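# Understanding the architecture of this molecule
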Amino acid sequence: MRIILTTLLLSFLSFYLLGQNSTRVENLRCEYLENPLGVDSPNPRFTWMLSDPESGASQQAYQILVSTDSAKVAQGTGDVWDSGKRNSDAILTQFAGKDLKPFTKYFWLVSVWNQKNEKESSAVASFETGMMGKHNWKGSWISDYKDINEKAAPYFRKEFETEKKIKSARAYMVAAGLFELYLNGEKVGNHRLDPMYTRFDRRNLYVTFDVTAQLKSGRNAIGVLLGNGWYNHQSMGVWDFHNAPWRNRPAFCLDLRITYEDGTVETIVSERDWKTSTGGVVFNSIYTAEHFDARKEKQGWNTPGFDDSKWQGVKYRPTPSQNIVSQLLHPIRNVEEIVPQQMTKINDTTYLYDLGRNIAGVSQISVRGKEGTIIKLKHTERLSVDGRADASNIDVYYRGDKVTDPFQTDIFILSGKGEEQFMPKFNYKGFRYVEVTCSHPIDLKKDNLKGYFMHSDVPQAGSIEASNPLINKLWWATNNSYLSNFIGYPTDCPQREKNGWTGDAHFAIETGLYNYDGITIYEKWLADHRDEQQPNGVLPDIIPTGGWGYGTDNGVDWTSTIAIIPWNIYMYYGDSKLLADCYDNIKRYVNYIDSRSPDGLTSWGRGDWVPVKSQSTKELMSSIYYYVDTKILADAAKLFGKQDDYTRYSTLAQKIKQSINKKYLNRETGTYANGTQTEQSMPLMWDVVPADMRQLVADNLAKKVEENGFHLDVGVHGAKALLFALSENGHAETAYKVAVQDKYPSWGWWIVNGATTLLENWDLEAPRDISDNHMMFGAVGGWFYRGLGGIYPDENHPGFKNVILKPNFISSLENIKVSHKSPYGEIISAWQHKGKAILYSVTLPANSVADFYVPSGYSIQKASEAASGKKVNLTVNENGIYKLQAGSYVIELR
């Protein structure tokens, strides 16, 4: 039996063995995090899942209890909030109890009544509030006396006594720049690159750590090491970060809040009684690399009893901004350790390591050598013809000193004291190869170096298994690129720029949300948008920015992120908070475009970036995004009950659509503008085409693609729209042929040429725009879920409360299994050919339903429950749409 059905049957069997009374309430999250610390919101959001394998399982009512006493909650008492029994199937709600207090741990549970009116309660979960306002900070902002040109990183330390028995301890840490926090010689937490990058003069993020286990009775020592990050950008690049208005020497503020068993509280704070010095980190740049001189590292600097008599005093620094808020998101971590696939010894002082795949992250080297030996670790994506590491495709925008600060090249100077280890603390890179060069001969083996894939540690939410290996490889490569460019905010590439290019992010938003639970990162990044927006509504096309990006081309085809991403979050999570938070910003944005586009058309934008060959009309593309943004604004106004805005912007959206079609649609031929793949596909995907012309426009697009040998002839906008436009308008077979094409130009062409991430250019020999880890062509990863698996959110019931199922049974694809973990649970859409029949296997999570659209040319022969084989009579409406209840089914079609 094929692997897909085997997997499904095992899953269904496990459900069956659970028995009839197997309702569970699980996956409790507060602000989309598990038992979070540092919650600042006075009304945090609660979410949960109902797990129940029974067909038609649903939630009829729920009750939430919140207390500061876990025992009370477990026993059924919510003295902070008792929502009461609410007759609702909602799995998302906001806290509405007594005022939350700062620095307080709260316990909560959810009870649910299922379709049989049986009550089931979850395990007890928790959340802990943080500062809840800048007035609760006790520490001061401090730094050393060095200026922005000082290369060496500042080290800080303080000792203190604890004499009473400790109940709990929390460290609240905020920095302008980056930090690593230590207690008694041990690093606190496993995060990397804290805090996340923001516009530092408008918003700063603090991080909360549970440090109870790291404190000890008696003498303790705190150590803080600061990095430059994006705050003090010392490596020159074309993006002007060295001229950022906030730029300064890194600084920090710390409150270490200790609660003793007797109920008293003591707070150890950053103050002028701290001491500072420098050490082994002699240079660090988030953009280029890190330099570490082990001879200068002061052993034990962050432990009690260290002699700091030669260290200097610190000074106060102004608070960078008046907006200090909790960093409540999935942190960056070293998520995956990667062992090199190959090591080549070039000579006694030069070694080349190949990880076998392209990643974002760092390398770690372990080595022995004589004191003063200089080791350089050059990280690249490519090799030159002589087999050496080649950075020429990624250092093109670097304007710094390539001798003293070589691009993506860490420098490690040995102390000569036994085996030494180095991994940068305040930098990450994009690379596959590491070339190690030494000033003196050193004997290195394959296991002396390893790589770490670093990214925001967001949970996996989707999977693809297909009989065509190219699909699996392309999906994997797309995810590698997505994660490589998810570093607290979505970026374009992890090496050459590390910029939050707006367009790259919204081109790939479906790919991201099908595959990963990334809402916390997107909510943070849209707050960056709100920080960056000009009073007139204009946004830069890289966010955050030190000032670059407010040029002439930062138009709607890129900066539509302000509307498209909040709308997609609403669609995929059923949560309208981000859309509400950005509503006024979207409105200002649309109003600005309207003020300069009285005829409903705009050419404000960058156009179809990096096309294969055909150039498409910028005004058409930009005007389509103008329509999309205005339509989203109108729909949001309707959702939030803003009737006047709904009337105004729905009318404006219609005007824009009519203007586009009047100027660019040839109704006789069904052609937009010059009829390029991009010009035909964008109006289709974004629903600009008049209903009576839709099929003709789609047929013309399919014909255009077929004439091109099922190859792409698009840039970024066409790559976003093409597959969706085809598969959603009767040409799924054509879309599939394009998606799995393995000759130039195509996504598959990259894969068959060894790519493990997505590239920036269709042409492997292109002279520019040649990053090997880019996300701007990444929409294909989302298309697999829609174009093949057919899993769609329903605009009228968002968050996959009602799942739209529109699979396409591709004749040349034997089978595929597509799964997505929605807010309600896992959705599985799997099909396979069996002779002349199709076996379609569907799993819908409890508390959700689906509309199944039978593909044209097929009819249902029979349907049964997957676990029992019991026949199911499916309900069908007058439009031929079948309604599926929660459960697992096998449907045979012919």
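Quick caveat, the model's predicted, so the values are computed rather than measured.

## What to know about the overall build of the chain
Of the regular secondary structure elements, the chain holds 18 helices and 47 strands. Computed over the C-alpha atoms, the radius of gyration of the chain is 28 Å, within 12% of the 29 Å expected from 2.2 N^0.38 for a compact globule of 894 residues. Along the first, second and third principal axes, the C-alpha set of the chain runs to 85 × 70 × 60 Å. Within the span of the chain, comprising 894 residues, buried residues form 63% of the whole. Long-range contacts, defined as pairs at least 24 residues apart, comprise 75% of the intrachain contacts of the chain with a sequence gap of at least 6.

## Concerning the packing of aromatic side chains
In the structure shown here, the tally under the stated rule is 56 aromatic pairs. On the numbers, 5.6 Å between centres and 80° between planes, the contact of Trp501 with Trp548 is edge-to-face. Here Trp548 lies in the loop between helix H6 (519–532) and helix H7 (556–559) and Trp501 lies in the loop between helix H3 (469–484) and helix H4 (502–507), a separation of 47 residues in the sequence. Between Trp762 and Phe777, the aromatic rings sit 4.2 Å apart at their centres with planes inclined by 40°, giving tilted as the arrangement.

## Structural notes on the pairing of strand E39 (residues 802–805)
Side chains of E39 alternate between two faces, with Asn802 and Ile804 and Val803 and Leu805 buried alike. Bridging between strand E38 (residues 791–793) and E39 involves 3 bridges; their strand directions are antiparallel. Along E39, the bridge assignment pairs Pro793 with Val803. Bridging between E39 and strand E43 (residues 849–853) involves 4 bridges; their strand directions are parallel. Among the inter-strand pairings, Asn802 is bridged to a residue of E43, identified as Val849.

## Describing the nonpolar core
By size, the foremost hydrophobic cluster in this structure holds 213 residues, and its most contacted members are Ile365, Ile375, Phe412, Val436, Trp747 and Tyr840. Looking at this core, the element that brings in the most residues is helix H11 (residues 618–639), giving 12 residues. With residues near it in sequence (within four places) discarded, Trp747 still touches Leu474, Leu712, Ala719, Leu723, Val738, Ala739, Trp762, Phe777 and Val780.

## Structural notes on the side chain of Asp528
Among the secondary structure elements, Asp528 is positioned in helix H6. Exposure remark for Asp528: the relative accessible area of 1% places this residue in the buried category. A distance of 2.6 Å separates a polar atom in the side chain of Asp528 from a polar atom in the side chain of Lys524.

## Focus: the sheet that holds strand E1 (residues 24–30)
The strand order across the open sheet formed by 3 strands is E1-E3-E6, and the pairing between neighbours is antiparallel. Here the strands that pair on one side only, and so sit at the sheet edges, are E1 and strand E6 (92–94). Ignoring strand direction, the axes of neighbouring strands in this sheet form an average angle of 25°. Strand direction decides the pairing type here: E1 and strand E3 (residues 45–51), joined by 5 bridges, are antiparallel.

## Structural notes on the pattern of salt bridges
This structure, assessed with the given rule, holds 51 salt bridges. Here Asp575 makes a salt bridge to Arg45, at a shortest N to O gap of 2.8 Å. Here Asp575, found in the loop between helix H8 (561–573) and helix H9 (577–581), pairs with Arg45, found in strand E3; they are 530 residues apart in sequence, far enough to count as distant. Classification of Asp575 by relative accessible area gives buried; the value is 4%. The salt bridge partner of Glu159 is Arg157, with a shortest N-O separation of 2.4 Å. You'll find Glu159 and Arg157 in the same group, each marked buried. A cluster of three or more residues bridged by salt bridges with shared partners is formed by Arg157, Glu159, Glu161, Arg219, Lys275 and Asp308.

## Focus: empty space enclosed by the protein
Enumeration over the complete set of coordinates arrives at 4 cavities of 30 Å³ or more. Of the voids in this model, the largest cavity is the one considered here, and its volume is about 100 Å³. If you go around the largest cavity, you meet 14 residues; those closest to its centre are Leu178, Leu193, Tyr197, Trp230 and Ile286. Among the residues making up the lining of the largest cavity, the classes are represented as 12 nonpolar, 2 polar and no charged.

## A word on the packing of helix H15 (residues 716–727) against helix H16 (residues 732–739)
Remark: H15 packs on H16, axes separated minimally by 7 Å, with the N-to-C direction vectors making an angle of 150°. Judged by the sense of rotation from one axis to the other, the crossing of H15 with H16 is left-handed. Judged by residue contacts, Leu722, Leu723, Leu726 and Ser727 of H15 engage Ala732, Thr734, Ala735, Val738 and Ala739 from H16. Counted by class, the contact of H15 with H16 contains 7 nonpolar, 2 polar and no charged residues.

## Re the pairing of strand E9 (residues 125–129)
In terms of burial, E9 is largely enclosed, as 5 of its 5 residues are buried. Pairing between strand E7 (residues 105–114) and E9: 4 bridges, direction antiparallel. Pairing of Phe107 across the sheet is with Ser126, part of E9.

## Examining the packing of H6 against H8
Geometrically, a packed helix pair is captured by the angle between its two axes and the distance between the axes. At a closest axis distance of 11 Å, the pairing of H6 and H8 adopts a crossing angle of 155°. Classified by the angle between their axes, H6 and H8 sit roughly antiparallel to one another. The two elements H6 and H8 meet at a crossing, and its hand is left-handed. The residues of H8 that touch H6, namely those facing Ile519, Tyr522, Trp525, Leu526 and His529, are Thr561, Ile562, Ile565, Pro566, Ile569 and Tyr573. When its residues are assigned to classes, the contact of H6 with H8 shows 9 nonpolar, 2 polar and no charged.

## Here's the deal with unusual backbone geometry
Trans peptide bonds make up most of the peptide bonds, and negative phi angles are found at most residues other than glycine. Of note, the bond from Asp194 into Pro195 is cis; its omega dihedral lies within 30 degrees of zero at -10°. By the secondary structure assignment, Pro195 is in the loop between strand E14 (186–187) and strand E15 (204–210). Each neighbour pair has its own omega, and for Ile543 with Pro544 the value is -5°, a cis peptide bond. Examined against the element boundaries, Pro544 turns out to sit in the loop between H6 and H7.

## Some remarks on the sheet that holds strand E47 (residues 887–893)
By definition, the strands of a sheet pair up through backbone hydrogen bonds, in either a parallel or an antiparallel sense. In spatial order, the strands read E35-E40-E41-E42-E47-E44; together these 6 strands make up an open sheet with antiparallel pairing. Whereas interior strands pair on both sides, the edge strands pair on one side only; in this sheet they are strand E35 (462–466) and strand E44 (860–865). Pairwise comparison of adjacent strand axes, ignoring direction, gives a mean angle of 10° for this sheet. For strand E40 (residues 815–822) and strand E41 (residues 825–834), the ladder comprises 8 bridges, and the chain directions are antiparallel.

## Section: the side chain of Thr129
You can see Thr129 is positioned in strand E9. In this structure Thr129 comes out as buried when scored by relative accessible area, which is 0%. At a separation of 2.5 Å, a polar atom in the side chain of Thr129 contacts the main-chain carbonyl oxygen of Lys101. There is a polar contact of 3.1 Å between the side chain of Thr129 and the backbone nitrogen of Phe103. Among residues more than four places away in sequence, those in contact with Thr129 are Gly38, Val39, Leu100, Lys101, Pro102, Phe103, Thr104, Tyr106 and Tyr172.

## Observations concerning helix H18 (residues 780–788)
Of all 9 residues in H18, 9 are buried, a share of seventy percent or more. Taken as a whole, H18 has its buried residues at Val780, Gly781, Gly782, Trp783, Phe784, Tyr785, Arg786, Gly787 and Leu788. Note on H18: the residue one or two positions beyond its end, Gly790, has a positive phi of about 75°.

## Looking at the environment of Lys187
Mapping Lys187 onto the fold places it in strand E14. Along the backbone, Lys187 and Gly223 are 36 residues apart, and their C-alpha atoms lie at a distance of 8.8 Å. Every residue in contact with Lys187, bar those within four places of it in the chain, is listed here: Glu180, Leu181, Tyr182, Arg192 and Gln214. A polar side-chain atom of Lys187 sits 2.6 Å from the main-chain carbonyl oxygen of His191.

Rules behind the numbers
Residues numbered from 1 in each chain as written. Predicted model: local features only at pLDDT ≥ 70, side-chain atom pairs only at ≥ 80, totals over all residues. Heavy atoms only, no water. Helix = DSSP H or I, 4+ residues; strand = E, 2+ residues; numbered from the N terminus. Rg over C-alpha atoms; globule rule 2.2 N^0.38 Å. Buried < 20%, exposed > 50% of the residue type's maximum accessible area, 1.4 Å probe, protein only. Contact = heavy atoms within 4.5 Å. Phe/Tyr/Trp six-rings, centres within 6.5 Å; stacked < 30°, edge-to-face > 60°. Pairing = 2+ DSSP bridges. Core = buried A, V, L, I, M, F, W, Y, C linked by side-chain atoms within 4.5 Å. Polar contact = N/O pair within 3.5 Å; in protein donor to acceptor, adjacent residues only side chain to side chain. Axes fitted to C-alpha atoms, helices over the stretch in contact; angles between N-to-C directions. Salt bridge = Lys/Arg side-chain N within 4 Å of Asp/Glu carboxyl O. 1 Å grid on protein atoms, 1.4 Å probe; cavity = no way out; pocket = protein on both sides within 12 Å on 5 of 7 lines; lining within 4 Å. Points joined across faces, edges and corners; volume = space filled by probe spheres on them. Nonpolar A, V, L, I, M, F, W, Y, C, P; charged D, E, K, R; others polar. Left-handed = near helix turned anticlockwise from the far one by under 90°. Parallel < 35°, antiparallel > 145°, perpendicular 65-115°, else oblique.

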